[in-house]
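# An overview of the molecular structure
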Amino acid sequence: MTKAQDYVETVKQTIKQRDPEQTDFQEAVFTVLDSLTPVLEKHPEYIEANLLRRIVEPERVIEFRVPWQDDTGHFQVNRGYRVQFNSAIGPYKGGLRFHPSVNLSTVKFLGFEQVFKNSLTGLPIGGGKGGSDFDPKGKSDSEVMRFCQSFMTELARHIGPDLDVPAGDIGVGGREVGYLFGAYKRLCGFKNGVLTGKNLTFGGSAARTEATGYGLLYYTQSMLKAHNDSLKDKKIKISGSGNVALYALQKANELGATVLTVSDSNGYVYDPNGINDKIVQQIKEVERGRIKEYAQQVDSAQYFEGSVWDQDIDYDIALPCATQNEINAQQAELLVKDGARYIAEGANMPNQTAAIKVYQDHGIYYGPGKAANAGGVAVSALEMSQNSERLSWSFEEVDAKLAQIMHEIFTKSEKAAQEYGMDGNYQAGANIAGFNKVATAMMVQGLV
Ligand SMILES: NC(=O)C1=CN([C@@H]2O[C@H](COP(=O)(O)OP(=O)(O)OC[C@H]3O[C@@H](n4cnc5c(N)ncnc54)[C@H](O)[C@@H]3O)[C@@H](O)[C@H]2O)C=CC1
Ligand SMILES: O=C(O)CCC(=O)C(=O)O
């Protein structure tokens, strides 16, 4: 074992011992650490400075009670979190997730990923993430509002436009960001740089709603182009039907691909003629319905219970846009068998580590979430810029910057992989390129 390998193993063991139950967090961290061994060989000063041990420890973890009243008058309690992971290159930045599965391991894994993702955007944002085990599904607007108000009553003291700037994630969209902003304003006054993903009427950015899904397709375009390929006439499988999935679908249709599937946590719809994004938008964004309603409206579509990744059909590109660990090794084997050659992650960590190994073994081009889905946070950072200068840019201007940023993220990752002799390994490339900037910043800031 080299000194670098030995150091990486020691850091991994420390995490396993200190937080044995945080399996999602461990998965995210180990994937990054494994990519960094060659960087440590080249930079022994990072080992000397115990940099990895510091980088895997959040700067601050906030956990709080969120009491709220439901429509029947009963008092309910949820748990709220904000993990302020790393502020080496800018204020903490990252979304809030409201979903019953949220726990400390979830927000720590998401916060850790966010550090490297935000670095890859080239914009001055550190990494953070938060959320709650509150489930907005099935709740009335009034219940969601009361929950958001209570959540912000505690969170407000920990955030600010130059300190920590939350946004949306699963279960937190425009409605929730609006309620959270209203509550913050009553406590601290109108500072629109405190949250992103806001409504356009009070400082939201054009194209933020579309940014993660559109950005995913811009990244995928760059990846295909690197292999003299294009999206035209490609068959795509998308999972999820939320914010990321919907706008990935819309952009894929616009770019001439055929999207065969979308899904939710109950099942998926398959339409060999191509999924119509306007119908999905109406069902999910307007009616807040379930995806099976699509098959009730479109003759050529069928609805199936279960995971879309168990469906056996030929296709070219996989875009998982639902949630973490949605694809296991067996499902990855099926993807290979079905002829898919590219996979780019709209969701955060949708592939289990064993699934990624399958892609590597079969030469499937794999774009990791921290690169492929960075478009959302990139446009959030552009929203912060617009708030600071008290101006609003046009949709076309923001969209053009987004496309440029996604292209640069792909190129940076590709080059970093090449530099370390791992040509075509976009996962290692993204981890290394994201790490380099944060590492340099931490080294010159002394013991932080
Ligand atoms: N909203 C954003 O700007 C960004 C989101 N992401 C990631 O993208 C993913 C999706 O987020 P959003 O679209 O914003 O959330 P959303 O709440 O709008 O949609 C989530 C979607 O995933 C589906 N889903 C949730 N749990 C599932 C499960 N266990 N199995 C199958 N489907 C499931 C839901 O039915 C829904 O269609 C998450 O991993 C999130 O962290 C990443 C970057 C930015
Ligand atoms: O726009 C943001 O700050 C949040 C984006 C996010 O949560 C993510 O990239 O996973």
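Throughout, a residue's number is its position along its own chain's written sequence, starting from 1. Following the order in which they are written, the chains are lettered starting with A and the ligands numbered starting with 1. Per-residue local features of the predicted model are confined to residues with pLDDT of at least 70, and side-chain atom pairs are confined, for both listing and counting, to 80 or more; whole-chain, interface and lining totals are unaffected and use all residues.

## Describing the sheet that holds strand β1 (residues 60-69)
Filter applied, for reference: Two strands pair if DSSP finds at least two bridges between them. Segments assigned H or I by DSSP are reported as helices when at least four residues long, segments assigned E as strands when at least two residues long, and all are numbered from the N terminus. Here an angle of 0 to 180 degrees is reported between the N-to-C directions of two axes, which are lines fitted to C-alpha atoms, with helices fitted over the stretch in contact.
Strand order in the open sheet formed by 5 strands is β1-β2-β4-β3-β5, with mixed pairing between adjacent strands. If you trace the sheet from one side to the other, it starts and ends with β1 and β5 (164-167), each paired once. Between one strand and the next, the sheet's axes are offset by a mean angle of 20 degrees, whatever the strand orientation. Two elements, strand β3 (residues 92-98) and β5, share 4 bridges in a ladder whose sense is parallel. Bridging from a neighbouring strand, Gly95 pairs with Ala167 of β5.

## Examining the UniProt feature "site: Important for catalysis" (unreviewed entry) in the protein chain
To keep things clear, this is the line we draw: UniProt positions are given in the numbering used here, feature names are shortened, and annotations may be inferred rather than shown by experiment. Residues are called buried when their C-beta atom has 20 or more other C-beta atoms within 10 Å, exposed when it has 12 or fewer, and partly exposed otherwise; all C-beta atoms are positioned from the backbone. Here contacts are defined at the residue level, using C-beta atoms placed from the backbone and a cut-off of 7 Å between them.
Here the UniProt-annotated "site: Important for catalysis" (unreviewed entry) positions come out as Asp169. Within the secondary structure layout, Asp169 lies in the loop between β5 and α7 (174-188). Accessibility expressed as a C-beta count within 10 Å gives 28 for Asp169, which makes it buried. Filtering out sequence-adjacent residues up to four positions away, Asp169 remains in contact with Gly95, Leu96, Arg97 and Gly131.

## A look at the nonpolar core
Counted only if it meets this: Under the definition applied here, buried Ala, Val, Leu, Ile, Met, Phe, Trp, Tyr and Cys residues are grouped into a nonpolar core through C-beta atoms within 7 Å.
In terms of nonpolar packing, the biggest core is built from 133 residues, with Leu180, Tyr219, Ala248, Leu249, Ala378 and Leu402 touching the most fellow members. Setting aside residues no more than four positions away along its own chain, Tyr219 makes contact with Ala344, Gly367, Ala371, Ala372, Met406, Ile409 and Phe410.

## Thoughts on the sheet that holds strand β12 (residues 365-367)
With respect to topology, 7 strands assemble into an open sheet ordered β9-β8-β7-β6-β10-β11-β12, the strand pairing being mixed. A strand with exactly one partner marks an edge of an open sheet, and here the two such strands are β9 (302-305) and β12. Neighbour-to-neighbour, the strand axes of the sheet open up by a mean angle of 15 degrees, direction not taken into account. Inspection of the sheet shows strand β7 (residues 258-263) paired to strand β8 (residues 267-270) by 3 bridges, in the antiparallel sense. Bridge pairing in β8 places Ser263 opposite Tyr268.

## With respect to the environment of His43
Tracing the backbone shows His43 in the loop between α2 (23-42) and α3 (44-48). For the pair His43 and Arg54, spaced 11 residues apart in sequence, the C-alpha separation works out to 16 Å.

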